[in-house]
Amino acid sequence: MGRTRFSSDDGSVEHARELRRERTPAEASLWAVLRNRGLEGCKFRFQQRLGPYFGDFVCQSARLVVEVDGDTHYTEAGTAGDARRDAYLAQEGYRVVRFTNHEVMTNLDGVADAIRSALTLTLPPPAAAGPSLSPEGERGL
C-alpha cells in the first residue's frame, strides 16, 4: 500500500483518521496485540503525528515508534523517505523499529517479542531540545 506518512497541512487530525481507516491487515493484527497485551506496560497510539510525520504505532513513554511497511517502502524513493523520517525522529529522541507486512502476518509473536526487546533498551537523551511533539493520534490504552 502506498500511503504517505508525511503531512504539512493543517488537516493532520483528519489525515490520521484516514490512515486509521485504511490500515492494512498487518497493522490491524499488530494493533490488536499492542492494545491487548500492553507490552512492557507501554501504551501505544495508532497513527500518531510526530512533527511533520505520522508513526504507525507510538509509545511516548519509551520514545519508540513501530512501523509496518508494505513493498512500496522498499523502492529507492521509499527508502530515502524512511531514512529522512528516521533521522528526524532520532533527532527528537525516538527509536524506530520496522517490520514488513509479511513479517507481521507470518510471525506476529516474533514481532511482538522484538518490540518487547526494543522497549527494554535504555534510551539515550534527545539530541537537542526542539519543539515538543504533540500527541494527535488515536489514543491507545
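This is a predicted model, so every value here is computed, not measured.

## Quick look at the overall build of the protein chain
Then comes step 1: Scanning the protein chain from terminus to terminus reveals 5 helices and 4 strands.
Then comes step 2: Along the protein chain, helices (α) and strands (β) appear in the sequence α-α-β-β-β-α-β-α-α when read from the amino end.
Then comes step 3: The contacts of the protein chain with a sequence gap of at least 6 include a subset with a gap of at least 24, amounting to 67%.
Then comes step 4: Here the protein chain displays about 7300 Å² of accessible surface, and carbon together with sulfur accounts for 53% of that area.

## Section: unusual backbone geometry
Then comes step 1: Phi at Gln47 takes a positive value of approximately 55°, unusual for a residue other than glycine.
Then comes step 2: Unlike most non-glycine residues, Arg63 shows phi in positive territory, near 55°.
Then comes step 3: Position of Arg63 among the secondary structure elements: in the loop between strand 2 (53-59) and strand 3 (64-69).
Then comes step 4: Judged by its relative accessible area of 22%, Arg63 is partly exposed.

## Topic: the nonpolar core
Then comes step 1: Counting residues in each nonpolar core, the largest one holds 22 residues, and the members touching the most others are Leu30, Phe44, Phe57, Ile115 and Leu119.
Then comes step 2: Those elements that provide at least two residues to this core are helix 2 (25-37), strand 2, strand 3 and helix 5 (108-120).
Then comes step 3: Among residues more than four places away in sequence, those in contact with Leu30 are Phe57, Val66, Val68, Val104, Leu108, Val111 and Ile115.

## Some points on the sheet that holds strand 4 (residues 95-100)
Then comes step 1: Pairing is mixed across the open sheet formed by 4 strands, whose spatial order is 1-2-3-4. Pairing within the sheet leaves two strands with one partner each, and these edge strands are strand 1 (45-50) and strand 4. Adjacent strand axes in the sheet meet at a mean angle of 45° when their direction is disregarded.
Then comes step 2: Sitting on the sheet, helix 5 is in contact with strand 2, strand 3 and strand 4, with an inclination near 175° to strand 4.

## A closer look at the confidence of the model for the protein chain
Then comes step 1: Averaged over every residue, the pLDDT of the protein chain is 75; the share at 70 or more is 64%.
Then comes step 2: In the model of the protein chain, helix 1 (residues 12-21) stands out as the element of lowest mean pLDDT, 57, in contrast to strand 4, which has the highest, 93.
Then comes step 3: The low-confidence segment residues 1-10 (pLDDT under 50) makes 31 contacts with residues lying over four places distant or belonging to another chain.
Then comes step 4: A low-confidence stretch, residues 128-141 stays under pLDDT 50, and its non-local contacts, those more than four residues away or across chains, total 37 contacts.

## Description of the pattern of salt bridges
Then comes step 1: Inspection of every chain in the model, using the stated rule, returns 6 salt bridges.
Then comes step 2: Note that Arg98 is salt-bridged to Asp82, the shortest N-O span being 3.7 Å. Within this pair, whereas Arg98 is found in strand 4, its partner Asp82 is found in helix 3 (residues 76-91), the two being separated by 16 residues in sequence.
Then comes step 3: Given a relative accessible area of 11%, Asp82 falls into the buried group.
Then comes step 4: The partner of Arg98 in a salt bridge is Asp86, and the shortest N-O contact between them spans 2.9 Å. Of the two residues, Arg98 sits in strand 4 while Asp86 sits in helix 3, which places them 12 residues apart along the sequence.
Then comes step 5: Residues participating in the shared-partner salt-bridge network are Glu67, Asp69, Asp82, Arg85, Asp86 and Arg98.

The rules behind each value
Residues numbered from 1 in each chain as written. Predicted model: local features only at pLDDT ≥ 70, side-chain atom pairs only at ≥ 80, totals over all residues. Heavy atoms only, no water. Helix = DSSP H or I, 4+ residues; strand = E, 2+ residues; numbered from the N terminus. Contact = heavy atoms within 4.5 Å. Areas by Shrake-Rupley, 256 points an atom, 1.4 Å probe, with all protein chains shown as cover. Buried < 20%, exposed > 50% of the residue type's maximum accessible area, 1.4 Å probe, protein only. Core = buried A, V, L, I, M, F, W, Y, C linked by side-chain atoms within 4.5 Å. Pairing = 2+ DSSP bridges. Axes fitted to C-alpha atoms, helices over the stretch in contact; angles between N-to-C directions. pLDDT = per-residue confidence, 0-100. Salt bridge = Lys/Arg side-chain N within 4 Å of Asp/Glu carboxyl O.

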